[in-house]
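Below, each chain spelled out in residue letters.
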Amino acid sequence: MKKTVKAAVALSVLAAPAYAANLENPLYMPTQGTVYSKTSVGVMYKKTDASQAQKQKEHAGATEFPVWRLHEELGYGITDRLELYGKFGYTHDGDIDRKGMHLGRAGLKYRVIDTDTGFAWDLYADAQLGGISEMSGSYAANGFTYDNYSNGRWGFHVGTQFGRTWSKFTAAAFAEVLRTFGNDNNSIDVSDFSVGGMPVSTFGIPDEISVDLKSTTEFNAGLKTFYQIDDRWSVGGSFTWKRHEDNGVEGLATSLKDVSANPMLAAYQKTIVNTLLNEVADMNDGFDEYIFNVTVANQITDAMQVAVYGEYTFDNGHRQSQNTTDVKAELGVRLNVRF
């Protein structure tokens, strides 16, 4: 009897690390020298809501499908408690001709506590890589139209995650703050904006301008769960809340043509610029996302895993938000590899 009990205890101890090594486990941490990759390909279906911005564009209630989404997460175990990681994402929405990098992060995660009872606590910080590509779009009578998904701003995340594993079940919670720094890393086409039927170039304003964007502070938080069914199969679920703050413009970064020799033209130029800046001083485009995610994963080999995921997002936003929807659903597949 004693031998049976000892064998059961030994098996449970041996099984715990195997489950913890599952890349779908929210508390996964690579051991020293381990490299991992998580590559996701998804397709999203969207139906826009009736926000003021969508009404101006005559796009309220419109369907956008397919919206292709690519994600890549890479990690390296510097030690058993310290990880170097990067997360990148790309979106292509052909229905509105909007495409580009929507996610870029690179940083470090440190496991402060890792107990024999299965409790773990992590601290992490990373660079927000929104400044890699400039924000681009156009401004006309129907408002601002995005060409890509970058805000053109650099910044940083600071966050924490804690959780615990009970045999085959894991639960974790996280919270993080994102601070971005305003700059003029943007390009806005205003050639279709006219005054009295005349293009703005008539008043010495270039067809393409850059503006000084304000800095922002945003928040993310959520819960994650995971269950290891057996050595091959596992399931997971999560809820994430994301707060996206209003964007705003502090001033014009582009030099204007000197029209001081014509006082009337100079007065019009000043009025037009001030009007434009006042309209976008607070873009009133902030929004909140409430994201639910479920995952089913299969361990093909010790080093390779395939997961299928589904995601649904509820959201609400301010009247000029172009990111709120009536329906936003994504289905995709992820390949996880550990080297």
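Structure: see above.
Model, not experiment: these values are computed from the prediction.

Q: Quick question: what am I supposed to make of the pattern of salt bridges here?
A: Where charged atoms of side chains with opposite charge meet at close range, the side chains can pair. The tally for this structure, following the rule as stated, stands at twelve salt bridges. Residue Glu245 is joined to Arg243 by a salt bridge in which the shortest nitrogen-to-oxygen separation is 3.8 Å. With relative accessibility at 30%, the residue Arg243 sits in the partly exposed group. Here Asp288 makes a salt bridge to Arg243, at a shortest N to O gap of 2.5 Å. Here Asp288 is found in strand β18 (residues 287–299), whereas its partner Arg243 is found in strand β16 (residues 233–244), with 45 residues between them in sequence. You can call Asp288 buried: its relative accessible area is 9%. When salt bridges with common partners are traced through the structure, they connect Arg105, Asp126 and Glu176 into a single cluster.

Q: Explain the pairing of strand β19 (residues 304–317) to me, please; I cannot follow it from the model alone.
A: The side chains of a regular strand alternate between the sheet's two faces. Two elements, β18 and β19, share 13 bridges in a ladder whose sense is antiparallel. In the sheet register, Ala297 faces β19, and the bridge partner there is Ala307. Linking β18 back to β19 in an antiparallel pair, the connection comprises four residues. In the sheet, β19 pairs with strand β20 (residues 325–338) via nine bridges, with the strands oriented antiparallel. Each bridged residue has a counterpart across the sheet, and for Tyr312 the counterpart in β20 is Ala329.

Q: Sorry if this is basic, but what is going on with the sheet that holds strand β3 (residues 82–93) here?
A: In a beta sheet, neighbouring strands are held together by backbone hydrogen bonds and run either parallel or antiparallel to one another. Pairing within the closed barrel is antiparallel, and its twelve strands lie in the order β1-β2-β3-β4-β5-β8-β9-β15-β16-β18-β19-β20. Looking at each pair of strands side by side, their axes are set apart by 20° on average, direction ignored.

Q: What is the right way to read the layout of surface pockets from this model?
A: The probe, sized like a water molecule, is rolled over the atoms to show the empty space still left. The space that makes up the second largest pocket amounts to roughly 340 Å³. Counting residues per element, the ones that place at least two in the lining of the second largest pocket are α2 (52–56), β6 (135–140), β7 (143–146) and α3 (263–280). Here the lining of the second largest pocket gets three residues from one element, more than from any other, and that element is β7. Considering only residue class, the lining of the second largest pocket consists of eight nonpolar, eight polar and five charged.

Q: How should I be thinking about empty space enclosed by the protein in this particular structure?
A: One pass over the full model with this rule turns up three cavities of 30 Å³ or more. The calculated volume of the second largest cavity comes to roughly 230 Å³. What lines the second largest cavity is a set of 17 residues, among which Ile188, Ile209, Val211, Leu276 and Val280 lie closest to the centre. If you tally residues by element for the lining of the second largest cavity, the top one is α3, at four residues.

So, how was this worked out
Residues numbered from 1 in each chain as written. Predicted model: local features only at pLDDT ≥ 70, side-chain atom pairs only at ≥ 80, totals over all residues. Heavy atoms only, no water. Salt bridge = Lys/Arg side-chain N within 4 Å of Asp/Glu carboxyl O. Buried < 20%, exposed > 50% of the residue type's maximum accessible area, 1.4 Å probe, protein only. Helix = DSSP H or I, 4+ residues; strand = E, 2+ residues; numbered from the N terminus. Pairing = 2+ DSSP bridges. Axes fitted to C-alpha atoms, helices over the stretch in contact; angles between N-to-C directions. 1 Å grid on protein atoms, 1.4 Å probe; cavity = no way out; pocket = protein on both sides within 12 Å on 5 of 7 lines; lining within 4 Å. Points joined across faces, edges and corners; volume = space filled by probe spheres on them. Nonpolar A, V, L, I, M, F, W, Y, C, P; charged D, E, K, R; others polar.

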